Amino acid sequence: MFAALTLGSLLAVVPSPAPAPTPTLPPVIIRTITTARCPTLHEMMRPIGYVTRRNDDAFRAMAFATQKFLSNFIPGDVPTIADLQASLGTNNGQGTGLNGTGTPMSASLSSTRGNDPLVYGPSQVLSAARIDAVAQQIFGNIMVERSYLTKSYKKFPEGKNPKVDAMRRAAQNVMTLQEALANKYEQFAGTYFDGMDLSRMTANNNADVATIKIALRQLLLGDTRGLAGDTQRKLSPNHPFFGYKSAGDLAQNGNPGEVLTALKGQEFAFTSTMIHTYNVCHQSHYILAPIHTMPAPSPKP
């Protein structure tokens, strides 16, 4: 009994082994470089990049609306010079005066004083209204983008930091071409709604009605060239503006296909600049894969 008690007492006072200590993780060292480029990245580039993505979605919506507008036309519906000459009754150059009926396309136009039914059908009006509304949204978004650019110039005046100036030029090129492309869509919408009821208000006779309708159809279809997202040109890295001196020059004188393709190229340059600056500021190593083929600017109808 005594031995048992003694053993029990010994066991009672034997200390239990201490738990192994939790290993301490090494400290995380975050290296952040602070230069004028870094606040420019976060306060200007990234917000403008976000708005640009929203504008891209809007451009796709307008391209889709343009495709729907054009879906009611067939090649013979596009007026030719012969159609216009026929409707005007001008001479064909062989001494024979045309009688004004023109080709089957122009002859099929309604001679009543109502609108051209092919151009101003219900679905056509809805598509044009959609284009007009979305274009106005893009103009509003561009104003937001410019507000970030203005704040950047106030914080870092032009000429003080060449790299910051280069970042702002990349953003400005994107905004210039966005506005140019939106203007081309808005030009179509403006022509469309300005021409509604034009034949009823201005024509004096049936020949005038046909002439106005043919001319308006030609004008409208000319305005849609390149807006349906299917006429992009190949862009050379050495000529990012198709031979024009600047994004502003291209915006003023280029056709929609050139503006659209150059816009995609400038968006890629903008994103490359943004990612490179992020890597510099955060010591990261993100890589932007080059785009060898331009993405489709609009969904299939």
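Everything below is about the structure printed above this text.
Residues numbered from 1 in each chain as written. Predicted model: local features only at pLDDT ≥ 70, side-chain atom pairs only at ≥ 80, totals over all residues. Heavy atoms only, no water.

Enquirer: What should I look at first to understand the overall build of the protein in this one?
Expert: From N to C terminus, the protein includes 10 helices and zero strands. In the protein, the order of α-helices and β-strands from amino to carboxyl end is α-α-α-α-α-α-α-α-α-α. Counting across all 301 residues of the protein, residues that qualify as buried make up 39%. Of all intrachain contacts in the protein linking residues separated by at least 6 positions in sequence, the fraction that spans at least 24 positions is 82%. (Helix = DSSP H or I, 4+ residues; strand = E, 2+ residues; numbered from the N terminus. Buried < 20%, exposed > 50% of the residue type's maximum accessible area, 1.4 Å probe, protein only. Contact = heavy atoms within 4.5 Å.)

Enquirer: Explanation requested: the pattern of salt bridges in the structure shown.
Expert: In a structure, side chains of opposite charge can pair up when their charged atoms sit close to one another. Within the structure shown, the criterion is met by six salt bridges. One salt bridge in this structure joins Arg60 and Asp57, with 3.4 Å as the shortest N-O distance. Separated by three residues within a single helix, Arg60 and Asp57 lie in helix α2 (residues 37-70), roughly one turn from each other. Overall, the relative accessible area of 39% leaves Asp57 in the partly exposed class. Within this structure, Arg54, Asp57 and Arg60 form a network of salt bridges that share partners. (Salt bridge = Lys/Arg side-chain N within 4 Å of Asp/Glu carboxyl O.)

Enquirer: Mind showing me how you'd approach the side chain of Thr277 here?
Expert: One can find Thr277 in helix α10 (residues 256-282). Only 2.7 Å separates the side chain of Thr277 from the backbone oxygen of Thr273, close enough to count as a polar contact. Setting aside its immediate chain neighbours within four residues, Thr277 contacts Arg37, Leu41 and Met167. (Polar contact = N/O pair within 3.5 Å; in protein donor to acceptor, adjacent residues only side chain to side chain.)

Enquirer: Hey, could you run me through the state of the cysteines in this one?
Expert: One covalent bond between the sulfur atoms of two cysteine residues makes up a disulfide. Scanning all chains against the criterion turns up one disulfide. The residue that forms a disulfide with Cys38 is Cys281, at a sulfur-sulfur distance of 2.1 Å. Classification of the bridge connecting Cys38 and Cys281 rests on its S-S torsion, roughly -105°, and on that basis the disulfide is left-handed. Taken as a pair, Cys38 in helix α2 and Cys281 in helix α10 lie far apart in primary sequence, 243 residues in all. The exposure class of Cys38 is buried, given its relative accessible area of 7%. Residue classification places Cys281 among the buried residues on the basis of a relative accessible area of 1%. (Disulfide = S-S within 2.5 Å.)

Enquirer: How should I be thinking about unusual backbone geometry in this particular structure?
Expert: Glycine aside, negative phi is the norm for most residues, and most peptide bonds take the trans geometry. Even without being a glycine, Phe242 presents a positive backbone phi close to 60°. Of note, Phe242 is situated in the loop between α8 (206-223) and α9 (247-253). The phi angle at Gln283 is positive, at roughly 55°, despite the residue not being glycine. On the secondary structure map, Gln283 appears in the segment after α10.

Enquirer: So what exactly am I meant to see when it comes to helix α6 (residues 162-194) here?
Expert: In an α-helix, one turn spans 3.6 residues, which is why side chains three or four residues apart end up on the same side. For α6, which comprises 33 residues, the first-to-last C-alpha distance of 46 Å matches the rise-based estimate of 48 Å (1.5 Å per residue) to within 8%. Where α6 starts, the residue carrying a side-chain oxygen 3.0 Å from the main-chain nitrogen of Lys163 turns out to be Asn161. (Expected span 1.5 Å × (residues − 1).)

Enquirer: What's the story with the packing of α2 against α10 in this structure? I'm lost.
Expert: Running from amino to carboxyl end, α2 crosses α10 at an angle of 150°, the nearest separation of the two axes being 10 Å. Judged by the angle between their axes, α2 and α10 are roughly antiparallel. The handedness of the crossing between α2 and α10 comes out as left-handed. For the pair formed by α2 and α10, the contact residues are Arg37, Cys38, Leu41, His42, Met45, Arg46, Ile48, Gly49, Thr52, Asp56, Phe59 and Arg60 on the first element and Leu263, Lys264, Glu267, Phe270, Thr273, Met274, His276, Thr277, Tyr278, Val280, Cys281 and His282 on the second. A breakdown of the residues in the contact of α2 with α10 according to their chemical character gives 11 nonpolar, seven polar and six charged. (Axes fitted to C-alpha atoms, helices over the stretch in contact; angles between N-to-C directions. Parallel < 35°, antiparallel > 145°, perpendicular 65-115°, else oblique. Left-handed = near helix turned anticlockwise from the far one by under 90°. Nonpolar A, V, L, I, M, F, W, Y, C, P; charged D, E, K, R; others polar.)

Enquirer: Explain the environment of Tyr153 to me, please; I cannot follow it from the model alone.
Expert: Among the secondary structure elements, Tyr153 is positioned in helix α5 (residues 122-155). Between the C-alpha atoms of Tyr153 and Val164, which are 11 residues apart in sequence, the distance is 9.6 Å. Ignoring sequence-local partners within four residues, the contact set of Tyr153 consists of Glu158 and Arg168.

Enquirer: Any chance you could explain α10 here in plain terms?
Expert: With 27 residues, α10 should cover 39 Å at 1.5 Å per step; its first-to-last C-alpha distance of 39 Å lies within 8% of that length. Put simply, Asn255 is the residue that caps the front of α10, since its side-chain oxygen is 3.0 Å from the backbone nitrogen of Gly257. Taken from the residues just after α10, Gln283 is the one with a positive phi, measuring 55°.

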